[in-house]
Structures are given as structure tokens and as C-alpha cells.
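Fold and contact review
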Amino acid sequence: MTNLDLTTDTEDSGPSGYAAARLRLLTEKTRSGPPRRTALARLTDDWLAGLHQAAGAPPGTALVAVGGYGRGELSPRSDLDLLLLHDGTADARTIAALADRIWYPIWDLGLALDHSVRTPAEARKTAGDDLKVQLGLLDARPVAGDTALAGALRTAVLADWRNQAPRRLPELDALCRERAERSGELQYLLEPDLKEARGGLRDAQALRAVAASWLADAPREGLDDARRRLLDARDALHLATGRATDRLALQEQDAVAAELGLLDADTLLREVYEAARTVSYASDVTWREVGRVLKARSARPRLRGLLGGRNGGRNGGLIGGGKPPVERTPLAEGVVEMDGEAVLALSARPERDPVLPLRAAAAAAQAGLPLSLHAVRRLAATARPLPVPWPAEAREALVTLLGAGEPAVPVWEALEAEGLVTRLLPDWERVRCRPQRNPVHTWTVDRHLVETAVRAASLTRRVNRPDLLLVAALLHDIGKGWPGDHSVAGETIARDLATRIGFDRADVAVIATVVRHHLLLVETATRRDLDDPATVRTVAAAVGTLGALELLHALTEADALATGPAAWSSWRASLVADLVKRVAGVLAGEEPPDPEAAAPSAEQERLAIEALRTGEPVLTLHTHETPYAPEPAAPDPDAPEPVGVELLVALPERPGVLPAVAGVLALHRLTVRAAELRAITLPAGLGRGPVLVLDWRVAAEYGSLPEAHRLRADLVRALDGSLDIPARLAERDAAYPRRRGVQAPPPRVTVAPAASRHATVIEVRAQDAPGLLHRIGHALEGADVRVRSAHVSTLGANAVDTLYVTRPDGSPLSDEEATDVAKAVEGALG
């Protein structure tokens, strides 16, 4: 049947009839969303009314739905929030028996029940003591019994709420903030809680409560649709999982998207994010209005007292029968500050002033003020579009807005909420609310771009062209809305947008270059041998000028800091700064030094002599200073930074050294960041035979560093075969239970073409795991190649290990040999 006939299914009002009708309703594909939630609530109402009647309910009792059920919004696995209300005339035993005859059939069906039994006076007292109870009662709706009793309670609760609003609304605001701190922001989370996270269903309920107080109201445009989309997503989640859950876990997202008829999980997340953004913005505006109203109410009696009350002069010196005069402080042409917000001046004419939206936004951000809702909506409705290319004033206003730093974020969000950003920058629509599946990223693509500009604002003193830095920061990932390499697509889009914004041809070329190569410095610094002249020359050729290099350096840091705490550290900063220093030298006409000609350090020579004398490994372990920290800005002090340590190992040359050392370090929970392997021959008289010197940069995963003598003892055992490293690593791995999660993609091993003239560069991308470099080393040993250096980069769960390898005689591999080696390593890791 297409329409569910509820009467025939629930005539006996018994559990079996209700259960069958409920099941049919939830599996009916022709009805979903609000119609299904309403139908489920009505079906449940009819069943509960039958239970109430069959239980022989005495007069003066009512069954009342509260919360979401009270609003008629029952999701497939929602709790039934019920209040058994009684006027106190029946004895306690009768009321308890009535409750049992209603509650137990609900429990027998396995439905979750949130229940209470109270008189109206008890309900009001509990609501006065417990804010959550009061919020639920605001949506009270009679289901069965004495409807007048239930209606009187709802009227009384609403009156209490309005009378107590000056005290309860700040309490509700604090509750929302605490929940946001605990659950995060729905519009940015990869596995969001649709109910508890900021911008979710709880916040939507809070906005309804504010409106019910008559103290302030939320912006209504789009809010009902946002609530509907979040409820639809929760319905689909309940049906897909068969559980009462509000967390949209990664493994459930494809099924939920299919249930909603959406293309894929990314489309689902974008819809959820857009809805959450609407709720969050409405919340920001509403709570600002609440604060303003409460502040005005508290100030009015004090002001009246100071001026002698209403009879102290005409209107007590006040305007409009007791209202204080409105103060307007000019901020920019057509923009003033009023009551803690940036608003349009009375003389502003948006229909004649196309630059006004950007001028107002820049003025608000520079003053650290929110842009008023009324102002943004008026600008969106009446402002003329900017000519293309933009006039200089508009371009300067955009740069001023971005240069304001953190205060620019809420202003930008206000512009986005009313569609002004997409009107100014049409390509923004493709990155708006776009999720980033890499867990290293904290934000969606669009918010990441704004956050990068915020970080770049603090670095503008380091560059000669702050305007180019800020605009490049805003556009650096703009290509993520297009297929293929986002840097390549972003270069074309950035060129078009920079031209639209009004930059000249030379500046457009610089912005396009910086966007195209915004990942070049950090990827090269962490994955390539900086002592190899080919590495430095390649970067110099791509960057082209010292000015572009300076901008890239600042953008690299801003981009990483805006990505998340795992993306930047003093170690990465030192590597990038070292690379920038070398590239700047090449761009200035200097020749990079040849690493083959470099003599071993005194420390390396000392260890080599000792290794030849004893015939065994010798090593030193000490804290490594990072001499290339960028100035004046420093890395984020809140980012966790493990201790950087230099490990030097020397031993007579022999096979199996790389996997042995890497395995021992893994056993001691030391993370490898970089490794350089070098065979040196000592001058005559100091020793015979080549000595292998390994210079490693490592960090302790946690805890203190291991003692050097323990590392050396385990290395000796690993080399003579008495320490089975794979078995020890497997034993440790088995001691920890595996967690369920998304299955990692298979490892990928490639050959980087023309990356070095001295060696062949093999790049390994794999899931990070203890002993990964040990396994890679074993595979390379089996392929009969020699490792010159290894450079390890880890972001979240992903590792990118770059290895410079040669034939045993020190020459690079042929293309065919390199391909075979890559396949062998990939096979060993797979």
C-alpha cells in the first residue's frame, strides 16, 4: 500500500499491532523526512492513548509527550520522552500502578523510554531546578487523558520561562558553550555528532527556547530547512545502523548517503555541514542579541536612577520616553559602530556603492566587531556588483579584511551566510563546506583557506608584499573543488581570481606561482636530500625569484599551522628554513656545494676510528639543536613537540645495517625523521677498510630517551642474529587490541624521475606503523641496493619515506632496475 492505514494496524492497541505498523512505516520508501516523523508520532500517540485507556486511568491524569516527541519529531530510534501528569487527587499506589501499565509495554517492545511521574507543581519545581527538564517541557503536548491539565502545565511552564528568561538564558548559553567545547563543531568534524556538536540539533532546540522567551529571536531564513536536513540525516543513520546513535561515523556515511538518495559520503557531509553552518550562524546572532537585550535591561534602571527617574526633566532626559540615546561611532565611509556591532550608517547607499560590502567587512574586522545581521542582509539584497576588474579600493578592503587576523573569521562567516563571498569570488562555491578526508586537517576546505589567511596575517612583517601573501593564502587550496592535482587546478583559478580582484599582470603571475607550488617547500624539505644540489636547483627553478621564495616560505608556515597541530613543528620549520636558505643562495647566483666533496666531521671520524679498532658498532646519542628556526615568528607553542635527538652510528661496512638500526630504534619507540648513510675511508695510518657512518635524526614517541649502551647492545644482537626484531615487533603489536576503523589503502612505491644526479630516489607511501623503515630496509637489502639517505615524513596515519639508493658501486640505478626495486619494496610491504 502507498499510504499507511493506521486504524487497521492498531485496533487492538496491543504491542504486536503497533510493532507491525511501526515496522511497515519505517520500511516504506515512499514516505520519509517530516511526513514519516509526523506519521510515526501519530502512530505512537494512538498506541499510547490506547494503553492509557486500557490501564483504567482515573480522572485528573494525562499522558504528556515532551522534547522531540512533544514536537512530533520521532526518528526511527528516538527515545519516547513521556510525563505521566496527575493532579494529586488519586493515591500514590493507583498512580504507580497506572505508570507500570503504560511503561512496561513500551519496554517490552525494546523502545527507549525517558519517563517521569509528577503533579503540575512538581513538574514546575523540577523545571525550575533543572534547565534540561524545562527545555523539554516547553514542547509539552498532551497525548491522552486530561488535556486541560496538560495545557495548563504548558501555559504555566511557558510563563515561568519568560519570567525567568534574564536568569535562565545565560545559563542556557553556558550550557551550549560547554557542549560545543566537549563535542566540537559539527560543520568541521569528519565523524560529527548530529545532536550534541555545535550547530547540531541541540543548538536548534536552544534557538526555539530563546524565541519562546520573547526576549530575542533567531534569524529564521533557512533555519527550518537546516533542522529538517539534520533530522533527515539522523533518521537515515538510525535506519542504516539499526541503532539509536547520533554520531555519523565514517563507516556509516556511504550507507546513510544511499538512504538519503545522495551521490556519496562527501555530498552527505556537505549537506550536513551547510545545515550546521546555518544553525551556528543563527546561534551567534541570537546570543549576541540576547546579550545586548540583557545588558540594556540592566543598564536602564541604573540610568533612570542617575537621571532622577521618569519625572526628572522631560522624559528624565531620555529620548522616546525612557530610552537612552543611540551612540554611533564612525568606522569607515558608510559604516558605524552601534551597540557593539558594525552597522551601516544612515547615509549609506549600498545600491550606489559597490565597494561597501568589502569596506564594511574590513572596518568591522579591523575594529574587532561583528557585522550586524541587518547590515549583511541589506548589503546582500541591495548592493551593486563590483566591476571587473575590481577598483583599487575594493582590492585594498579585501586585503585589510584578511590582514585583521582572527577577527576576520566571524565577519567572513557573516558574508558567507548571506552569499556575499560567492558573489565576490564565484569559484568559492566549489570549496564551500567541502570536507577534507585527511584526519590531519582540522577544517573544511573553505574554513582552512580563511584560517591560513589568519595565520598569514601574523607573518606579514616577514615579506615585502603582504597583500600578495594574504591573497595567496586565501586562494592556495582553491583548486580542491576540481578534479586532478589541486595545485595545478588552483594555479589557473588563482590567476583568474587575482585578475578579477584587480592585480596587475606581474602580481597575478606571482600569486599563481605561489599557489601552484604552495606544497613545494615542505614536501621537498621533509622528503628530499637537501645536500643534493639537484634538489636545491629544482626548487629554485620552480620558484623563480627571491620575492616568490619569501612568500612561499611564509605561506608554507601559515598553511601548516592552519591545517592542524600534526602538520607543523620546530623540526619541520628548521628543515624548510634550511631549504629556503640554500635556494636563496642559488637564486642569488651561488653554486650549491657538492656533497661528495664534503669531508666527514670530526665526530664522525672519531667514531669511525673506534669502530675499526673494535670491529663493532659504536654510537653517540645527544639532543639536536635546530639552528634554522625562522625569525621572528616561531612555531605554535601549543603544538606537541617531541625531543629532537641526533644519533651517530659507525661500524665496519657490512650488509643489513639499515634494517638492523631501524628495527632497534622501533623497538625502543624512537621515531625516525631522517637518516643519512655514508661509507668513508679513513686516511692512511688511521685504519683499514671502509666504515659505514649513519647520521640519524630521531624523536622519542613518549617517555625518556633510551640509554646509548642499551641501543648499542641491541644493535650488536640484531646484527649477529640473536635479536629477532620482526618477532619482537609482532609480539608488541599483538599485546594491543586492534581497533575497528577504516581500512588503510595499500602501500604505493614509486620512482621519482630526475630527482638526483647521484642516486635513484624511491618514494614509499604507506600506513605508518612501528618498524616500517625496518621492513623497507629489508626489502632494499634483498634487492641488492645501497641506501645513501632516508627522509621520513609522517602526517597522521600516513608515512612518506623517501630513500636515495645506488648500486653497490655507488652509481644510480637504471630505469629498469629502479622499477624492479620499487616493485620489490611494494610487494614486501603489501
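Every value quoted in this text rests on a predicted model; they were computed, and no experiment measured them. (Residues numbered from 1 in each chain as written. Predicted model: local features only at pLDDT ≥ 70, side-chain atom pairs only at ≥ 80, totals over all residues. Heavy atoms only, no water.)

**Things to note about the overall build of the protein**
Just so we agree on the cut-off: Labels follow the DSSP assignment, with helices taken as runs of H or I lasting at least four residues and strands as runs of E lasting at least two, numbered in each case from the N terminus. Type-normalised accessible area, obtained with a 1.4 Å probe on protein chains alone, sets the label of each residue: buried when under 20%, exposed when over 50%, and partly exposed for intermediate values. In short, Shrake-Rupley with a 1.4 Å probe defines the accessible areas, and a residue's cover is counted only from the protein chains shown.
Counting its secondary structure elements, the protein contains 32 helices and 15 strands. Looking at the protein as a whole, 52% of its 830 residues are labelled buried. On the protein, roughly 37600 Å² of surface is accessible, and the fraction owed to carbon and sulfur atoms is 51%.

**Digging into the pairing of strand β3 (residues 113–118)**
The cut-off we apply is this: In this description, strands pair whenever DSSP reports at least two bridges between them. The definition of a right-handed crossover adopted here requires that, viewed with the strands pointing away, the path from the first strand over the helix to the second runs clockwise.
Bridge count for strand β2 (residues 80–86) against β3 is six bridges, and the pairing is parallel. The partner of Leu-85 across the bridge, within β3, is Arg-118. Chirality of the crossover, the property in question, places the unit of β2, helix α5 (residues 92–108) and β3 among those that are right-handed.

**Overview of the packing of aromatic side chains**
Rules: What counts as a ring pair is set by centres within 6.5 Å for rings of Phe, Tyr and Trp (its six-membered ring), and what kind of pair is set by the plane angle: stacked under 30 degrees, edge-to-face over 60, tilted for all other angles. Counting as a charge over the ring demands two things of the Lys NZ or Arg CZ atom: a distance within 6 Å of the ring centre and an angle within 35 degrees of the ring normal.
Applying the stated criterion across every chain, the model contains four aromatic pairs. Taking 4.2 Å as the distance between ring centres and 5° as the angle between the ring planes, the aromatic pair formed by Tyr-18 and Trp-47 counts as stacked. Here the residue Tyr-18 occupies a position in helix α2 (residues 15–27), and Trp-47 occupies one in helix α3 (residues 34–54), the gap between them amounting to 29 residues. Across the pair, exposure class does not vary: Tyr-18 and Trp-47 are buried alike. When the ring centre of Trp-482 is taken as origin, the NZ or CZ atom of Arg-430, which lies over that ring, is 3.7 Å away. The ring of Trp-443 carries the charged tip of Arg-447 above its face, separated from the ring centre by 4.3 Å.

**Considerations on the pairing of strand β5 (residues 329–332)**
As judged from the three bridges shared by β5 and strand β6 (residues 335–338), these two strands associate in the antiparallel manner. In the strand pairing of β6, Ala-332 is matched with Val-335. Connecting β5 to the antiparallel partner β6 that follows it, the hairpin turn spans two residues, and Gly-334 within it adopts a positive phi of roughly 85°.

**Section: the sheet that holds β2**
Definition in use: All axes are obtained by fitting lines to C-alpha atoms, using only the stretch in contact for helices, and the reported angles, taken between N-to-C directions, cover 0 to 180 degrees. Two residues form a contact once any of their heavy atoms are found within 4.5 Å.
A sheet is described by the order of its strands in space; here four strands give the open sequence β3-β2-β1-β4, paired in mixed fashion. Both edges of this open sheet fall to β3 and β4 (141–145), since each of them pairs with a single strand only. Sheet twist, expressed as the average angle between the axes of neighbouring strands with direction ignored, equals 25°. Here α3 sits on the sheet in contact with β1 (61–65), β2 and β4, set at roughly 40° to β4. Along the sheet face, helix α6 (residues 120–129) touches β2 and β3 and points at about 120° away from the line of β3.

**With respect to the nonpolar core**
Operational definition: The definition of a nonpolar core used throughout is a set of buried Ala, Val, Leu, Ile, Met, Phe, Trp, Tyr and Cys residues joined through side-chain atoms within 4.5 Å.
Among the nonpolar cores identified, the biggest contains 99 residues, and Trp-390, Leu-401, Trp-412, Leu-425 and Trp-428 are the most heavily contacted of them. Among the elements that take part in this core, helix α25 (residues 546–563) stands out by supplying nine residues, more than any other. Apart from the residues lying within four places of it in its own chain, the contact partners of Trp-412 are Leu-398, Leu-401, Leu-402, Val-421, Leu-425, Trp-428, Val-450 and Leu-474.

**Here's the deal with the packing of helix α20 (residues 466–475) against α25**
Note the cut-off: Angular relationships are summarised with four words: roughly parallel below 35 degrees, roughly antiparallel beyond 145, roughly perpendicular across 65 to 115, and oblique for the angles in between. In this scheme, a crossing is called left-handed if the near helix is turned counterclockwise away from the far one by less than a right angle; it is called right-handed if the turn is clockwise. As a working rule, the residues Ala, Val, Leu, Ile, Met, Phe, Trp, Tyr, Cys and Pro are called nonpolar, Asp, Glu, Lys and Arg charged, and the rest polar, with Gly in that last group.
Remark: α20 packs on α25, axes separated minimally by 10 Å, with the N-to-C direction vectors making an angle of 50°. Considered as vectors, α20 and α25 are oriented oblique to each other. α25 is crossed by α20, and the crossing has right-handed handedness. Residues Leu-468, Leu-469, Ala-472 and Ala-473 of α20 lie in contact with α25, whose contacting residues are Leu-551, Ala-554 and Leu-555. Of the residues that constitute the contact of α20 with α25, the class distribution is seven nonpolar, no polar and no charged.

**Some points on the confidence of the model for the protein**
Filter applied, for reference: pLDDT is a per-residue confidence score from the predictor, ranging from 0 to 100.
Of all residues in the protein, 90% have pLDDT values of 70 or greater, and the mean over the chain is 88. Confidence over residues 309–321 falls short of pLDDT 50; this stretch has 15 contacts with residues more than four positions distant or in other chains. Across residues 626–643, confidence stays below pLDDT 50; counting only partners more than four residues off in sequence or on other chains, it has 38 contacts.

**A few points about the sheet that holds strand β7 (residues 341–344)**
Strand order in the open sheet formed by three strands is β5-β6-β7, and the pairing between neighbours is antiparallel. Looking at strand neighbours, the two that pair on one side only are β5 and β7, the edges of this open sheet. Averaged over neighbouring strand pairs, the angle between their axes works out to 40° when direction is ignored. By the bridge criterion, four bridges tie β6 to β7 in an arrangement that is antiparallel. Paired with Glu-337 across the strands is Ala-342, a residue of β7.

**Let's talk about the side chain of Ser-213**
Looking at the secondary structure, you find Ser-213 in the loop between α10 (201–212) and α11 (223–241). Here Ser-213 is in contact with Trp-161, Arg-162, Ala-165 and Leu-169, once residues within four sequence places are set aside.

**Side note on the pattern of salt bridges**
What counts is decided by this rule: Any carboxyl oxygen of Asp or Glu within 4 Å of a side-chain nitrogen of Lys or Arg constitutes a salt bridge here.
The full count for this structure, using the stated rule, is 58 salt bridges. Residue Arg-182 pairs with Glu-196 through a salt bridge whose shortest N-O separation is 3.8 Å. Of this pair, Arg-182 sits in helix α9 (residues 165–183) while Glu-196 sits in the loop between α9 and α10, and the two are 14 residues apart along the sequence. Of the residues examined, Glu-196 reaches a relative accessible area of 18% and is grouped as buried. Of the charged contacts, one joins Asp-217 and Arg-220 as a salt bridge, the two residues approaching to 2.9 Å between their closest N and O atoms. One network of salt bridges, in which partners are shared, links Arg-37, Asp-225, Arg-228, Arg-229, Asp-232, Asp-235, Glu-274, Arg-277, Glu-416, Arg-432 and Asp-446.

**Topic: unusual backbone geometry**
Going from Val-388 to Pro-389, the amide bond is cis rather than trans, its omega being 0°. Looking at the element boundaries, Pro-389 is found in the loop between α15 (373–382) and α16 (392–403). Phi is positive for Asp-339, which is not a glycine, with a value near 55°. Within the secondary structure, Asp-339 sits in the loop between β6 and β7. Although it is not a glycine, Asp-784 sits at a positive phi angle of roughly 60°. Along the chain, Asp-784 turns up in the loop between α31 (772–782) and β14 (786–795).

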